[in-house]
Amino acid sequence: MSPSIPIPLIDPFQRRVKDLRLSVTDRCNFRCVYCMPEEGMKWLPREELLSFEELTRIARVCVAHFGFEGIRITGGEPTVRAHLPVLVGMLSQLGADLAMTSNGVKLPEMVDDLARAGLRRINISLDTLRPDTFLALTRRAELPRVIAGIDASLAAGLSPVKINAVVMRGINDEEVVDLAAFGRDRGVELRFIEFMPLDASGEWTREQVVSQQEIVDRISAVFPLVPRHRPGAGHQEPAELFDYEDGRGAIGVIPSVTNPFCGNCDRVRVTAEGQFRTCLFSIDEFDLRTVMRTGGTDDDLAAEISRAVGTKWAGHSIGQVNFIRPKRSMSQIGG
Ligand code: SAM
Ligand code: SF4
C-alpha cells in the first residue's frame, strides 16, 4: 500500500533521491563507438525484460512512496521498444515530470504519438554535424534523420528539446563551436558530455576526454559565455550552465570526469531487466524484478529500493586508483 504522503528518500550523504532513469530496452539501432562494439552485443531475451506493467509499477512506487519528481525513459534506444507510446501513456499518469533520451532516428515518425501520450521533454544525442564523422561515431549513415528528429520534436511541442553531445578528442572536439551554433539557430540547448569509461570496448583513456574548461573556452572565443550562478546549496542539475552573453540561449556541460556532480546527485537507475542501481558506476545491483515476480508487494519493492539507496556512494572515482569499471556499458545500464 502507498503511504498517504510520500516519504522523501535520503541517501547516506543527505542527498534527496528523486529522479528515476528507467531503461526500457538494452537494444539499439546505432552502434556508437563510445557505447557499443560494432558486433557481438548479446541482447536480453524477451522474458527477462520488464513488462510495461512492471516498469510502471516501479515508477509508481518511486513516485507514491518516495515523492520522485522526474522519470526519464532511456536505454539502449528507447524508441526500438515496441509500442513505446503505450508505456509513455502509462507513465504519464503518475504525475512526475516525464522525459526521454533518444538517438533521434525514429522520432520523425514517432514523436507526435509520444507527445500525445504525455511525453514532455526530450534529449536527443547528436555529436557531430559532419556525415563522415557521424558514420564513424554511430556506425550508421543517419545524420539527416536525426536532425529531422530534432525538428520533429520541436514541432511536436516537446519542451525543452536538448541535444546531448559526447566530446571525444581527435574525433569531434573541433566541432563544439559548430554544434553550439546549430543549437543557437534552433533555440535548442546543447549539453556537452565528457567522455566516460562506459564504452563496451574498454578502450577509454583519459587523453580522449575533452574537459569542460576546454569546451567552454572554445565556444566562448566565438560566442562569449557567462557562467550561470545558481544561488543556494544543492542545485541538482548535473550540467554546469553557461548563458550566451548576447542572450541567445545557453549551453550545459556535464563534467563527469573533470568535475563530477556527485555531491548533488539525486538519481537512481533501473536497467531493462529490473536491476536497481544507485550510480552509473555502481558495482552492486538490487534485483527488483525478482521481488515483483515472486509475489512481492509494493511495500516490499519500496523496502528494496530504500535498502539500495542506503548503499549509495558519495561519488565515483574515475581517474583514481580505486576506480573499478562497471561490467556493463552505458547502453546496458541505461544512460
Ligand atoms: N540511445 C539513447 C541515446 O543515445 O541518446 C539513450 C541511451 S544513451 C546510453 C544515453 C546517453 O549516454 C547518450 O547521450 C549518449 O551519448 C551517452 N553516452 C553513451 N556512452 C557514453 C560514454 N562512454 N561517455 C559519455 N556519455 C555516453
Ligand atoms: Fe545506442 Fe545510445 Fe549507445 Fe549510441 S549511445 S549505441 S544510440 S544506446
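Residues numbered from 1 in each chain as written. Chains lettered and ligands numbered in written order. Predicted model: local features only at pLDDT ≥ 70, side-chain atom pairs only at ≥ 80, totals over all residues. Heavy atoms only, no water.

Caption draft 1: View of the site of ligand 1. The environment of ligand 1 is formed by 20 residues, the closest being Y34, G76, E77, S125 and M196. E77 places a polar side-chain atom, nitrogen or oxygen, 3.0 Å from a nitrogen atom of ligand 1. Interatomic distance of 2.9 Å between a backbone N/O atom of M196 and a nitrogen atom of ligand 1. In isolation ligand 1 exposes 540 Å². Once the protein is present, 96% of that is buried. Among the elements of the structure, strand 5 (97-102), strand 7 (161-167) and strand 8 (189-194) are those that each provide at least two residues to the shell around ligand 1. In terms of residue class, the shell around ligand 1 is made up of eight nonpolar, nine polar and three charged. (Near = heavy atom within 4 Å. Polar contact = N/O pair within 3.5 Å; in protein donor to acceptor, adjacent residues only side chain to side chain. Areas by Shrake-Rupley, 256 points an atom, 1.4 Å probe, with all protein chains shown as cover. Helix = DSSP H or I, 4+ residues; strand = E, 2+ residues; numbered from the N terminus. Nonpolar A, V, L, I, M, F, W, Y, C, P; charged D, E, K, R; others polar.)

Caption draft 2: Representation of the layout of surface pockets within the structure. Space inside the second largest pocket adds up to approximately 160 Å³. Taken together, T25, R27, L44, P45, R46, L49, F52, V80, R81, A82 and H83 form the lining of the second largest pocket. Partitioning the lining of the second largest pocket into residue classes produces six nonpolar, two polar and three charged. (1 Å grid on protein atoms, 1.4 Å probe; cavity = no way out; pocket = protein on both sides within 12 Å on 5 of 7 lines; lining within 4 Å. Points joined across faces, edges and corners; volume = space filled by probe spheres on them.)

Caption draft 3: Local environment of the packing of aromatic side chains. Across all of its chains, the model carries two aromatic pairs by this definition. With 5.9 Å between their ring centres and 90° between their planes, F30 and F134 make a pair best called edge-to-face. You can see F30 sitting in the loop between strand 3 (19-23) and helix 1 (52-66) and its partner F134 sitting in helix 4 (residues 131-138), a full 104 residues away along the chain. Judged by relative accessible area, which is 4%, F30 ranks as buried. Judged by its relative accessible area of 2%, F134 is buried. Aromatic pair F223 and Y244: ring centres 6.1 Å apart, planes at 85°, arrangement edge-to-face. (Phe/Tyr/Trp six-rings, centres within 6.5 Å; stacked < 30°, edge-to-face > 60°. Buried < 20%, exposed > 50% of the residue type's maximum accessible area, 1.4 Å probe, protein only.)

Caption draft 4: Structural view of the pairing of strand 7. Burial within strand 7 is extensive, with seven of its seven residues counted as buried. Here strand 6 (residues 121-125) runs beside strand 7; their pairing, made up of four bridges, is parallel. Paired with I122 across the two strands is V161, which belongs to strand 7. Summarising the sheet, strand 7 and strand 8 pair through six bridges and their orientation is parallel. Its bridge partner lying in strand 8, N164 is registered against R191. (Pairing = 2+ DSSP bridges.)

Caption draft 5: Summary view of the sheet that holds strand 6. Taken in spatial order, the 12 strands make up an open sheet running 9-10-11-8-7-6-5-4-3-12-13-14, and their pairing is mixed. At either margin of the open sheet sits one strand with a lone partner, and together these are strand 9 (225-227) and strand 14 (286-287). As defined by bridge partners, strand 9 adjoins strand 10 (residues 240-244) across three bridges and the pair is classed as antiparallel. Within strand 10, the position partnered with P227 by the bridge is F242. The strands touched by helix 1 within the sheet are strand 3, strand 4 (70-74) and strand 12 (267-270), with strand 3 carrying the most contacts at an inclination of about 175°. Together, strand 7, strand 8 and strand 10 form the strand contacts of helix 6 (residues 176-186), whose direction differs from that of strand 8 by roughly 150°. (Contact = heavy atoms within 4.5 Å. Axes fitted to C-alpha atoms, helices over the stretch in contact; angles between N-to-C directions.)

Caption draft 6: Spotlight on the pairing of strand 10. Note: strand 10 against strand 11 (residues 250-254), four bridges, orientation antiparallel. The residue of strand 11 that forms the bridge with E240 is V253. The antiparallel hairpin formed by strand 10 and strand 11 contains five residues in its connecting segment, where G247 sits at a positive phi of about 85°.

Caption draft 7: Structural view of the site of ligand 2. Residues in close proximity to ligand 2 total nine residues, the closest being C28, C32, C35, G76 and N103. For the shell around ligand 2, the class distribution of residues is six nonpolar, three polar and no charged.

Caption draft 8: Broad picture of helix 9 (residues 298-309). Given a rise of 1.5 Å per residue, 12 residues ought to cover 16 Å, and the 16 Å separating the end C-alpha atoms of helix 9 matches this to within 8%. Listing the buried residues of helix 9 in full gives D298, L301, A302, E304, I305, A308 and V309. Down the axis, helix 9 shows its buried residues gathered within 160° of arc, on one side only. (Expected span 1.5 Å × (residues − 1). Arc of directions from axis to C-beta.)

Caption draft 9: Inspection of the nonpolar core at higher detail. One finds F68, L84, F192, I219, I251 and F276 to be the most contacted residues of the largest nonpolar core, which totals 100 residues. Beyond its immediate stretch of four places on either side in the chain, F276 contacts V268, R269, V270, D284, E285, F286, L288, I305, A308 and V309. (Core = buried A, V, L, I, M, F, W, Y, C linked by side-chain atoms within 4.5 Å.)

Caption draft 10: Quick peek at the pattern of salt bridges. With the rule as written, the count across this model stands at 28 salt bridges. Of the charged contacts in the structure, one is a salt bridge between R60 and D298, with a shortest N-O distance of 3.2 Å. Of the two residues, R60 is situated in helix 1 and D298 in helix 9; the sequence distance between them amounts to 238 residues. Across the pair E175 and R130 runs a salt bridge whose closest N-O atoms are separated by 4.0 Å. (Salt bridge = Lys/Arg side-chain N within 4 Å of Asp/Glu carboxyl O.)

Function cannot be read off these values alone, since they describe shape.
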